[in-house]
Amino acid sequence: VATGHTFCGVCGSDPYRQYTMVGPVVNLAARLMQRAQNEVLCDQVSRHLSQDRLRCSARGRLEVKGFAGPVEVYRPEWHEADPGLPTLRRLAGESRDLMTRGRDREREELAGRLVALSLGTSTAVIVEGDPGVGKTHLAADLLRASEGYGHISVLVGGGDDVDPRPYHAWKRVLGRALGLTAVRDPTKRALRVKERLSKSPELKQWVPLLNELLDLKLDDSPLRDMTGRARRENTLRLVAELLADTASRTPLLIVLDNCQWMDSASWELVRAVQRGVKPVMVVILTRPMAEPPPPASAETAEDVKPHSPGEGAIYAASAVKTHLRERGAKELYLQPLPPDVTEQIARDFLGVDVLDEDVRSLFRGRVDGSPLFTIELAFQLRTDELISIVGTAERAEARLTIPPAELNRLRLPVRVEEVFRARLGGLSERQRTVVRAASVVGTTFDEKRVLAVDVLLDPSSLADDLQDLERKKVIEASSEGWRFSHTLIRDLAEQSFVPSELRQRHRALAEWY
């Protein structure tokens, strides 16, 4: 297994062509396959990007045909079946010093809420920020602090952009709270759930409602006449009762990550838990989410009906967050870090005391205040040998090994690129066309120049498209018209052009000028 950028598409002419992949990363994967002996081998980048889920052992540096120098090779040893809590433990142990730099105020706020929980006070915290700004690592730091209070139970769950099933964000939370993580037999799992309801025997008849959530196989035929609304309300009551039983023994710290992908039922369960479980501290980690449109003058918010599951989740998220705020929840919005902090992160990651001016400029222009992007870029520079460490141990300095003019050929780190690729992938085809045209103009642009780049764009709908893109955090208003909310989004959109097409767009813009 090797990870990196490569060409994937059709090669050849009309009479004879094939769909293939071409590039050094493909060749490296093939060479590793040849060297493997009934095992899986991977390169350093694959190991780095999968360390949240996989544990790998080093196989040393191997000479590989077609590559100038030795290649670091690793062997995946085992898979983390339940990544939530173990991943946060690893992050708390390994990365807190880098990823939580500049977050002292937020850490103190969370620590204060943790003390209140240990004394029996329920609370909630909403942590919001863009991808890579450090939300998960801030939660990891909270997890590390909770270990000082031995009587607090930590439960971790979260949204999933692949699995949209109702209540899926709470699957790991409830499974761990009930001690079901190591129980595979559905009959034994169901028995343990019913045992936890000994104080509420009237709820036992509703346990089949948890078949999908807890992988049970109980007969649900007696519940088939239950209306959809009744099923939802009874499921919420059932789960809240189970968690309340756990909280009666020890305070609960519940951390929900990637809540921007949670379904509406999972959001409703947040409210049910906040109301019915004591003592509990619920921490919600989410990217900025779109706000539902205001109701028409003739209708109230309760009258508005969502048109899709995704829209339903937006309405539910807005209502639940409003509910939490009214009851004293703390909101923490993680702003981008200042340049001096990200530079310190880069120095510490690289193990140097000084970054030369070219390296400093590179980080200032690329990372845009994100600690994750800082670490990923530093890792790529070191892996690709684009920087060298010079000087003494007392004063080591990082310098570029290539002329600064060649930095444009530097591709984004894989994980960072995928974050923004996913954001662009969620746009409509027309909106993606607008973004690509705007990327040709530059980091800042206006409607006239965008239309000049692509004459096929519809001027009548462009203003609405730009406003939608602003709501989706792709662009933002500026004194010059519009600008990309992150320079990396612009870079990625421009890279989607093939060279000949990009030349045509530049020519069209030049002729307009």
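Everything in this summary refers to the structure shown in the same document.

**Quick look at the environment of Ala244**
Part 1 of the argument: Mapped onto the fold, Ala244 is located in helix H10 (residues 228–247).
Part 2 of the argument: Each C-alpha atom of the pair Ala244 and Val273 lies 8.1 Å from the other, and the pair is 29 residues apart in sequence.
Part 3 of the argument: Among all residues touching Ala244, those that are not within four sequence positions of it are Gly276 and Val277.

**Some points on the packing of helix H17 (residues 429–441) against helix H19 (residues 459–471)**
Part 1 of the argument: Two elements in contact, H17 and H19, have axes whose closest approach is 10 Å; the angle formed by their N-to-C orientations is 90°. Taken together, the axes of H17 and H19 lie roughly perpendicular to each other. For the pair H17 and H19, contact is made by Arg430, Gln431, Val434 and Val435 and by Ser461, Leu462, Asp465, Leu466, Asp468 and Leu469, respectively.
Part 2 of the argument: Classifying every residue of the contact of H17 with H19 gives five nonpolar, two polar and three charged.

**A word on the nonpolar core**
The tendency in soluble globular proteins is for nonpolar side chains to be buried as a group.
Part 1 of the argument: With 57 residues, the main nonpolar core has Phe363 and Phe445 as its most contacted residues.
Part 2 of the argument: It is helix H15 (residues 371–383) that contributes the most residues to this core, seven residues altogether.
Part 3 of the argument: Excluding its chain neighbours within four sequence positions, the residues that come into contact with Phe445 are Ala438, Val450, Leu466, Ile475, Glu480, Gly481, Trp482, Arg483 and Phe484.
Part 4 of the argument: In this structure, Ile254, Trp267, Val277 and Val282 belong to the second largest nonpolar core, which totals 52 residues.

**Some points on the sheet that holds strand E14 (residues 444–445)**
The pairing of strands in a sheet happens through backbone hydrogen bonds and is either parallel or antiparallel.
Part 1 of the argument: Spatially, E14-E16-E15 is the arrangement adopted by the three strands of the open sheet, whose pairing is antiparallel. Each edge of the open sheet carries a strand with a single partner, namely E14 and strand E15 (475–478).
Part 2 of the argument: Pairing analysis gives four bridges linking E15 to strand E16 (residues 481–484), with the strands arranged antiparallel. Within E16, the position partnered with Ala477 by the bridge is Trp482.

**Quick notes on the pattern of salt bridges**
Part 1 of the argument: Considering all chains together, one arrives at 31 salt bridges under this definition.
Part 2 of the argument: A salt bridge links Glu429 to Arg432, with the shortest nitrogen-to-oxygen separation between them at 2.8 Å. With a gap of three residues between them, Glu429 and Arg432 both fall in helix H17, about one helical turn apart.
Part 3 of the argument: A salt bridge links Asp465 to Arg430, with the shortest nitrogen-to-oxygen separation between them at 3.0 Å. With Asp465 in helix H19 and Arg430 in helix H17, the pair connects residues that are 35 residues apart, well separated along the chain.

**So, the pairing of E16**
Part 1 of the argument: Two strands pair when backbone bridges link them, and E14 and E16 are joined in this way by two bridges, in the antiparallel orientation. Bridge pairing in E16 links Thr444 to Arg483.
Part 2 of the argument: Hairpin remark: E15 followed by E16, antiparallel, with two residues in the connecting loop.

Calculation rules
- Residues numbered from 1 in each chain as written.
- Predicted model: local features only at pLDDT ≥ 70, side-chain atom pairs only at ≥ 80, totals over all residues.
- Heavy atoms only, no water.
- Helix = DSSP H or I, 4+ residues; strand = E, 2+ residues; numbered from the N terminus.
- Contact = heavy atoms within 4.5 Å.
- Axes fitted to C-alpha atoms, helices over the stretch in contact; angles between N-to-C directions.
- Parallel < 35°, antiparallel > 145°, perpendicular 65-115°, else oblique.
- Nonpolar A, V, L, I, M, F, W, Y, C, P; charged D, E, K, R; others polar.
- Core = buried A, V, L, I, M, F, W, Y, C linked by side-chain atoms within 4.5 Å.
- Buried < 20%, exposed > 50% of the residue type's maximum accessible area, 1.4 Å probe, protein only.
- Pairing = 2+ DSSP bridges.
- Salt bridge = Lys/Arg side-chain N within 4 Å of Asp/Glu carboxyl O.

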